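These are the residues of each chain, in order.
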Amino acid sequence: MPTTAAAPDVAANDPRLAPNFDFRPETFNRPRLTQDEVAAYCRDGYVLYHKPVLRREQFDGLFAHFERLLDEHTRAGLRPESMDTPHFADHRLFEWVFCDEVLDLVEPLVGPNIALFSSHFLAKPAGDGKRVPWHEDSFYWRDLMEPMHVCTVWLSLDPSLPENGCMNVIPNALHGYSDYEDVDESTNVFGTEINWLKNLRTDQVQDAGDAPKGLRVRAAKCELRPNEASLHDARLIHGSDPNRSNLRRCGYTMRFIPASVLYQSRNHRFPHQIYLARGTGHPDNHYADPTRDYPDLFEQRFGTGNSH
Ligand SMILES: O=C(O)CCC(=O)C(=O)O
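Computed from a prediction, not measured in an experiment: that's the story for all the values here.

The next point concerns the overall build of the protein chain. A count of helical and extended segments in the protein chain gives 7 helices and 15 strands. In terms of C-alpha radius of gyration, the protein chain reaches 18 Å, essentially the compact-globule figure of 19 Å for 308 residues. In the protein chain, buried positions account for 44% of the 308 residues. Long-range contacts, defined here as pairs at least 24 residues apart, represent 82% of the contacts in the protein chain between residues at least 6 apart.

Okay, structure coming up:
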């Protein structure tokens, strides 16, 4: 089925465009997730965090930094969606990736020993932003770690709305290892998709007749203001529609694993490395140095297009 959703433009005075800087005295208290939020994540495989993630100056700094990186990236002729593993080439990003405001958000979900698995600026330009096929991250990462335990913080840098292709999830769809088919990479961020969901727009998902037995198949939209986030489990089915609106959509995905996970780097399809963020690591893992850049590694990955 073709993906031809009409996406209306977003008005400049739309209240959903304003960054969430609604700070309260308890905003940065630990733990940053309530018991209900942790329970929702465990049950549904994701949770929406409609509270400020970063302090105002941190968010503004990250946003300005991203704009500079995006400018360099697109001037090199590359698609905005393909800003994968930028932290390999730019260790200044660890100022945000390893800040307490982010790590305190994932600690209730992955525990006190935390490693960074990956990061990606997934920017969909206004007008022709690509679709993200329905997928489970765990399918692509299945040989890389034991056990499979990745929590992605999807930090909204731009407003993330149904109109501009916000991320969508199928709550509680946590099988993790579905069957996949090829899709067109000229219109999709990567080239494979869960077969029974192939090319379905978010609003068509509830009609999909081929869902595995017992699976509740209604997609939920992860609508977020800038400086809010979603957190999702690697096994969750998720994806996003194309961006045909007048508004860019960018999320910074920061993917964390418990540091006790054994990471099998030799199985990675692309050159890759992990970093210890907090606490104690697994004795058999090698952790890269977050105070330096790895330009050679970044070059080897350059152009591969996505972190899956
Ligand atoms: O940004 C999107 O639309 C999808 C993101 C995604 O697939 C992920 O974070 O794993």
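Looking now at the site of the ligand. The environment of the ligand is formed by Leu122, Val132, Asp137, Thr152, Trp154, Met167, His238, Ser240, Gly251 and Thr253. Elements supplying a minimum of two residues to the shell around the ligand: strand E6 (151–156), strand E12 (238–240) and strand E13 (249–258). Its residues placed into classes, the shell around the ligand shows 4 nonpolar, 5 polar and 1 charged.

Here Asn188 is to be found in the loop between strand E8 (180–182) and strand E9 (192–194). Between the C-alpha atom of Asn188 and that of Glu81, which follows or precedes it by 107 residues, the distance is 9.8 Å. The residues contacting Asn188, other than those within four sequence positions of it, are Lys130, Arg131, Pro133 and Val183.

What follows concerns helix H2 (residues 56–75). With 20 residues, H2 ought to run about 28 Å at 1.5 Å a step, and its terminal C-alpha atoms sit 29 Å apart, in line with that. Where H2 is concerned, the buried positions are Phe59, Leu62, Phe66 and Leu70. An end-on view of H2 places all buried positions within 75° of arc, on one side of the element. The outward face of H2, more than 90 degrees from its buried face, is lined by the exposed residues Glu57, Ala64, Glu67, Arg68, Asp71, Glu72 and Arg75. Along its buried surface, H2 packs onto strand E2 (83–84), helix H4 (94–97), strand E3 (114–124) and E13.

This part takes up the sheet that holds strand E4 (residues 132–135). With respect to topology, 4 strands assemble into an open sheet ordered E4-E12-E7-E10, the strand pairing being antiparallel. Bordering the open sheet on either side are E4 and strand E10 (220–221), each of which pairs with just one other strand. The pairing of E4 with E12 spans 2 bridges and is antiparallel. Across the sheet, Val132 pairs through a bridge with Ser240, a residue of E12.

That bond from Arg30 to Pro31 is cis: its omega, -10°, falls within 30 degrees of zero. Relative to the assigned elements, Pro31 resides in the segment before helix H1 (35–44). With an omega of -5°, the peptide bond between Glu146 and Pro147 qualifies as cis. Its place among the elements puts Pro147 in the loop between strand E5 (145–146) and E6. Despite not being glycine, Asn227 shows a phi value in the positive range, around 75°. Within the secondary structure, Asn227 is located in the loop between E10 and strand E11 (229–233). By C-beta crowding, Asn227 is classed as buried, having 25 other C-beta atoms within 10 Å.

Here the focus is the pairing of E3. With respect to burial, E3 is a largely interior element, 11 of its 11 residues being buried. As defined by bridge partners, E2 adjoins E3 across 2 bridges and the pair is classed as antiparallel. Across the sheet, the residue bridging to Met83 is Phe121, located in E3. Inspection of the sheet shows E3 paired to strand E15 (residues 275–278) by 3 bridges, in the antiparallel sense. Counterpart to Leu116 in the pairing with E15 is Tyr275. Two elements, E3 and E13, share 10 bridges in a ladder whose sense is antiparallel. Following the sheet pairing, Ala115 is matched in E13 by Ile257.

Most of E11 sits inside the fold, with 5 of its 5 residues counted as buried. Of the two faces of E11, the one holding Ala229, Leu231 and Asp233 and the one holding Ser230 and His232 are both buried throughout. In this structure, strand E1 (residues 46–49) lies alongside E11, joined through 4 bridges in antiparallel fashion. Residue Tyr49 lies in a different strand from E11, and its bridge partner there is Ala229. Of the pairings in the sheet, the one linking E6 to E11 comprises 5 bridges and is antiparallel in character. When the sheet's bridge partners are listed, Val153 is paired in E11 with Leu231.

Conventions we followed
- Residues numbered from 1 in each chain as written.
- Predicted model: local features only at pLDDT ≥ 70, side-chain atom pairs only at ≥ 80, totals over all residues.
- Helix = DSSP H or I, 4+ residues; strand = E, 2+ residues; numbered from the N terminus.
- Rg over C-alpha atoms; globule rule 2.2 N^0.38 Å.
- Buried ≥ 20, exposed ≤ 12 C-beta atoms within 10 Å, placed from the backbone.
- Contact = placed C-beta atoms within 7 Å.
- Near = placed C-beta within 6 Å.
- Nonpolar A, V, L, I, M, F, W, Y, C, P; charged D, E, K, R; others polar.
- Expected span 1.5 Å × (residues − 1).
- Arc of directions from axis to C-beta.
- Pairing = 2+ DSSP bridges.

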